[in-house]
Every structure is written in C-alpha cells, then in structure tokens.
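Summary of the model geometry
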Amino acid sequence: VDIRTFIDSPEYLNAGKECWESIKDDLEALFKGDYTEAVLCQAIGSGKSFASSIIISYLVYRLLCLKDPQAFFGLARGSQICFINMSIRADQSRKVVFGEIKARIDNSPWFRNHYPPDPDIRSELRFPKGIVIFPGNSQETFPLGFNIFGGVMDEAAWYTDIESHDVAEEIFNALHSRIKNRFQEKGLL
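Description of the structure in this document. (Residues numbered from 1 in each chain as written. Predicted model: local features only at pLDDT ≥ 70, side-chain atom pairs only at ≥ 80, totals over all residues. Heavy atoms only, no water.)

Regarding the overall build of the chain
Worth spelling out the cut-off: Each helix corresponds to a stretch of at least 4 residues labelled H or I by DSSP, and each strand to a stretch of at least 2 residues labelled E; elements are numbered beginning at the N terminus. Residue burial is assigned from relative accessible area. The probe radius is 1.4 Å, only protein chains are included, and a residue is buried under 20% of its type maximum, exposed over 50%, and partly exposed in between. We call two residues in contact whenever any of their non-hydrogen atoms come within 4.5 Å of each other. Shrake-Rupley sampling with a 1.4 Å probe provides the accessible areas, and residues are treated as covered by the protein chains on show and by no other component.
Per the secondary structure count, the chain includes 8 helices and 6 strands. Going residue by residue from the N terminus, the α and β elements of the chain occur as α-α-α-α-β-α-α-α-β-β-β-β-β-α. In the chain, buried positions account for 43% of the 189 residues. A separation threshold of at least 6 residues defines the contact pool for the chain, and within that pool the share at least 24 residues apart is 71%. Element-wise, carbon and sulfur atoms account for 49% of the exposed surface of the chain, whose accessible area totals about 10,300 Å².

Laid out in structure tokens, this is it:
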C-alpha cells in the first residue's frame, strides 16, 4: 500500500488521528519522489522521531512484502537486511527513535498478524525473512559490516567532533556507502 494508507488504515499503523497532515504530506512527497535520503531539521516537538519511526516501519513493511528480499537484492541466503537507529549513546537510541519504531510495529495489526518481530529478543526487532532493526551509538565504526537498508541518525548535531574529523559526517558517509553499495542498483522500494 502507499504511505498514506499505511499510516491511516486500521489494518496497518492506524495512526491517522495521531499523525499530523503535514507529516503525511512530507512522507508522501518523500516516497513519491526520487529521493535516496532525507534530513529532518525541525524544532523540538515537530514530530521528527515520529516521522522517522513511520519511515522505518514502512520500509520494513515493503521489504516483508517481497517473497525473498535477499534474492531480490542479490544478497546471499541467510543474510540480514538491517535498519540502524543511531544516537549519541546506545541507551538514548533505544529510548527515543527505536522506542517509537517499536511502538508503531507493536500496535500495528498488519505486523502482529503477518510478520511479528521475535518476542524473545528485546535488544532489537528481528523479523522473519532476515529483516532486523537495532539501536546503536555514535561510534563512526558502528555501521560497518552490516547490509544496511536504512538508518536514522538521531540528534546528529550533537555527535562529538574530533579535531581531525567530523564524527556525524563519517557516520553518514559510512551509512550512505553501505546502503548505496548493497541496495542502490535496484533502487529503493
């Protein structure tokens, strides 16, 4: 289904009343456009974390709709396709955007009825078909080694700059190159 149906419908997120029309409009433009990334620079309380949770939930939904996501993207059988939520500290990452993503998925009839995450794992959301969402920290090496389909850098302006390099820029570059190298040829879903 399209992003607006995914947000509004009681069969999916059932968040139509909770989600501002401006967020729906922005997400609709994002998914109808030819974008590979988005940067949300908005005021406190404007819905950045909420919007990010919808984006990741929707991308996971679309991957789970594929018969074999790994084959579709030319990955080896058994390979995980990952979404990373990063913040200054791992505990903040778990509590903020990851918590929002978990809330969207836990309250979604579609996920509960078709592809619920493994209830025995609390540190990440592990779905059938090798799809995983996990929180992380702002270490520039954190994203390395994963088949990253999407990621959120929460509060990137507060990542520590080191005299010789910008940590946020290095993490963004690492995420971007992982996504591009693994998934760009097929394009985003």
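So, the environment of R104
Along the chain, R104 turns up in helix α6 (residues 97-106). Since its relative accessible area comes to 12%, R104 is described here as buried. Sequence separation between R104 and S53 is 51 residues; the distance between their C-alpha atoms is 7.0 Å. In this view, R104 contacts L13, F50, S53, I54 and S57; residues no more than four positions away in its chain are not counted.

Overview of the nonpolar core
For clarity, the threshold we go by: Working definition of a nonpolar core: buried Ala, Val, Leu, Ile, Met, Phe, Trp, Tyr and Cys residues. They are joined through side-chain atoms within 4.5 Å.
One finds V60, F83, F111, F127 and I133 to be the most contacted residues of the largest nonpolar core, which totals 38 residues. In this structure I133 touches I56, V60, F83, F98, I101, I105, E124, L125 and F127, once residues within four positions along its chain are discounted. Of all hydrophobic cores here, the second largest spans 6 residues; its members include I84, V132, F134 and I148.

Looking at the pairing of strand β1 (residues 81-86)
Walk down a regular strand and you will see the side chains alternate between the two sheet faces. Applied cut-off: Here the rule is simple: two strands pair whenever DSSP picks up at least two bridges between them.
Of all 6 residues in β1, 6 are buried, a share of seventy percent or more. Burial of β1 is two-sided: the residues I81, F83 and N85 facing one way and the residues C82, I84 and M86 facing the other way are all buried. For β1 and strand β4 (residues 148-153), the ladder comprises 5 bridges, and the chain directions are parallel. Looking at β4, one finds that C82 is bridged to I148.

Notes on the pattern of salt bridges
Our working definition: Here, a salt bridge means any Lys or Arg side-chain nitrogen found within 4 Å of an Asp or Glu carboxyl oxygen.
Per the counting criterion, the structure on display carries 9 salt bridges. Across the pair E100 and R104 runs a salt bridge, and its minimum N-O distance is 2.6 Å. Residue E100 and its partner R104 are both found in helix α6; the two are separated by 4 residues, about one turn of the helix. The exposure class of E100 is partly exposed, given its relative accessible area of 26%. Across the pair R126 and E124 runs a salt bridge whose closest N-O atoms are separated by 2.5 Å. Here the residues in one salt-bridge network are R4, D8, E21, K24, D25, E28 and K32, joined through shared partners.

Overview of unusual backbone geometry
As a rule of thumb, non-glycine residues mostly have phi less than zero, and peptide bonds are mostly trans rather than cis. Residue N14 is not a glycine yet carries a positive backbone phi of 55°. Among the secondary structure elements, N14 is positioned in the loop between α1 (3-8) and α2 (21-32). Unlike most non-glycine residues, K129 shows phi in positive territory, near 65°. With respect to the secondary-structure elements, K129 resides in the loop between β2 (125-127) and β3 (131-136). Using a relative accessible area of 25% as the deciding quantity, one classes K129 as partly exposed.

Observations regarding the side chain of S57
Selection criterion: Whenever a nitrogen or oxygen atom comes within 3.5 Å of another N or O atom, the pair is scored as a polar contact, on the condition that within protein one atom can donate a hydrogen and the other can accept it, and that pairs from neighbouring residues in sequence are kept only if both atoms are in side chains.
Its location among the elements puts S57 in helix α3 (residues 48-64). Of the polar contacts made by the side chain of S57, one reaches the backbone oxygen of S53; its length is 2.7 Å. Contacts of S57, omitting those with residues within four sequence positions, involve F6, I101, R104, I105 and F111.

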